[in-house]
Every structure is written in structure tokens, then in C-alpha cells.
Amino acid sequence: ARAYYASLSATLRGYLTERFGFPAFALTTAEMQAQMTSRGMDRWQARLAGGLLEQCDAVMYAHYLPAAERADADLTAAYEIVEMSRPAEEPEAVPAS
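Read on for a plain summary of the structure.

Rules used in this analysis
Residues numbered from 1 in each chain as written. Predicted model: local features only at pLDDT ≥ 70, side-chain atom pairs only at ≥ 80, totals over all residues. Heavy atoms only, no water. Helix = DSSP H or I, 4+ residues; strand = E, 2+ residues; numbered from the N terminus. Polar contact = N/O pair within 3.5 Å; in protein donor to acceptor, adjacent residues only side chain to side chain. Contact = heavy atoms within 4.5 Å. Phe/Tyr/Trp six-rings, centres within 6.5 Å; stacked < 30°, edge-to-face > 60°. Buried < 20%, exposed > 50% of the residue type's maximum accessible area, 1.4 Å probe, protein only. Lys NZ or Arg CZ within 6 Å of the ring centre and 35° of its normal. Core = buried A, V, L, I, M, F, W, Y, C linked by side-chain atoms within 4.5 Å. Expected span 1.5 Å × (residues − 1). Arc of directions from axis to C-beta. Salt bridge = Lys/Arg side-chain N within 4 Å of Asp/Glu carboxyl O.

### Describing the side chain of Ser 85
For step 1, the next point in the chain: Turning to its location among the elements, Ser 85 is positioned in helix H4 (residues 68-85).
For step 2, the next point in the chain: Here Ile 81 takes part through its backbone oxygen, which lies 2.8 Å from a polar atom of the side chain of Ser 85.
For step 3, the next point in the chain: Setting aside residues up to four positions removed in sequence, Ser 85 forms contacts with Tyr 15, Arg 19, Phe 20 and Met 41.

### Section: the packing of aromatic side chains
For step 1, the next point in the chain: Enumeration according to the criterion identifies two aromatic pairs in this entry.
For step 2, the next point in the chain: Geometrically, the ring pair formed by Tyr 4 and Tyr 5 is edge-to-face, given 5.2 Å between the ring centres and 80 degrees between the ring planes.
For step 3, the next point in the chain: Note on Tyr 5: relative accessible area 2%, which makes it buried.
For step 4, the next point in the chain: Note that Arg 19 overlies the ring of Phe 20, its terminal NZ or CZ placed 4.7 Å from the centroid.

### So, the nonpolar core
For step 1, the next point in the chain: In terms of nonpolar packing, the biggest core is built from 22 residues, with Leu 16, Phe 22, Met 32, Met 36, Met 41 and Leu 52 touching the most fellow members.
For step 2, the next point in the chain: Elements with a minimum of two residues in this core: helix H1 (2-20), helix H2 (29-38), helix H3 (43-61) and H4.
For step 3, the next point in the chain: In this view, Leu 16 contacts Gly 21, Phe 22, Ala 24, Met 36, Met 41 and Leu 53; residues no more than four positions away in its chain are not counted.

### So, H4
For step 1, the next point in the chain: Helix length check: H4 (18 residues) gives 27 Å between terminal C-alpha atoms against 26 Å at 1.5 Å per residue, within 8%.
For step 2, the next point in the chain: Taken residue by residue, H4 has Ala 71, Asp 74, Ala 77, Ala 78, Ile 81 and Ser 85 as its buried positions. Here the buried residues of H4 occupy an arc of 120 degrees about the axis, which is enough to place them on one side. In this structure, H4 carries Glu 69, Asp 72 and Tyr 79 as exposed residues pointing more than 90 degrees from its buried face.
For step 3, the next point in the chain: Each element contacted by the buried residues of H4 is listed here: H1 and H3.

### Section: the pattern of salt bridges
For step 1, the next point in the chain: One pass over the full model with this rule turns up three salt bridges.
For step 2, the next point in the chain: The shortest N-O distance in the salt bridge between Arg 13 and Asp 57 comes to 3.8 Å. Taken as a pair, Arg 13 in helix H1 and Asp 57 in helix H3 lie far apart in primary sequence, 44 residues in all.
For step 3, the next point in the chain: Looking at Arg 13, the relative accessible area reads 9%, which means it is buried.
For step 4, the next point in the chain: The exposure class of Asp 57 is partly exposed, given its relative accessible area of 21%.
For step 5, the next point in the chain: Salt-bridge contacts for Asp 74 lead to Arg 70; the nearest nitrogen and oxygen are separated by 3.1 Å.

Structure, rendered in C-alpha cells:
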């Protein structure tokens, strides 16, 4: 479980760093939530990301062992965080006729 959550945390922190332009690996969860909301992420989405990262930290550093089915739910939450925070796609240019 520890390696799984370490990988999940690293992947999510890497995504947040790239997407929002702040050093997610160097910030606490509370600092990251503040950065995400100040850079345009919805407050609820920032809380979801923060909660997932707190869970990852608990597994990695406090020896917390979540139920096995929780791992699937946490992976789903990570996907949802990425999907909800993607920038809106630019509309494709329509060639003039």
C-alpha cells in the first residue's frame, strides 16, 4: 500500500506542478490548496485534491493502512481531479468558405 500511495501522490503532485505552475512537491497540503484556488481551481476540487494527498501522506508517513477497496476509490478521485482541472479546450478554427 505504501508504494501505491507514494506513486499516487507523486503523480498528482507532478500534475499539479505542471498544470498550475507552483512547486507542489515543496508545499504542505494546506499551502497547495491555497495555491490551487488562487490560480483558478474550484475550492471543492482543491479540497478533494488536498484530502487525497493527506490520505497519501498518512499511508506513507503515519503507517495508516486504508481498506483495500479504498485504493480503487482513491485512484478514481485522482483521475477526477485531473479531469476537472484541465483547461478548457480551445475551439477549433473553422476555415472560411
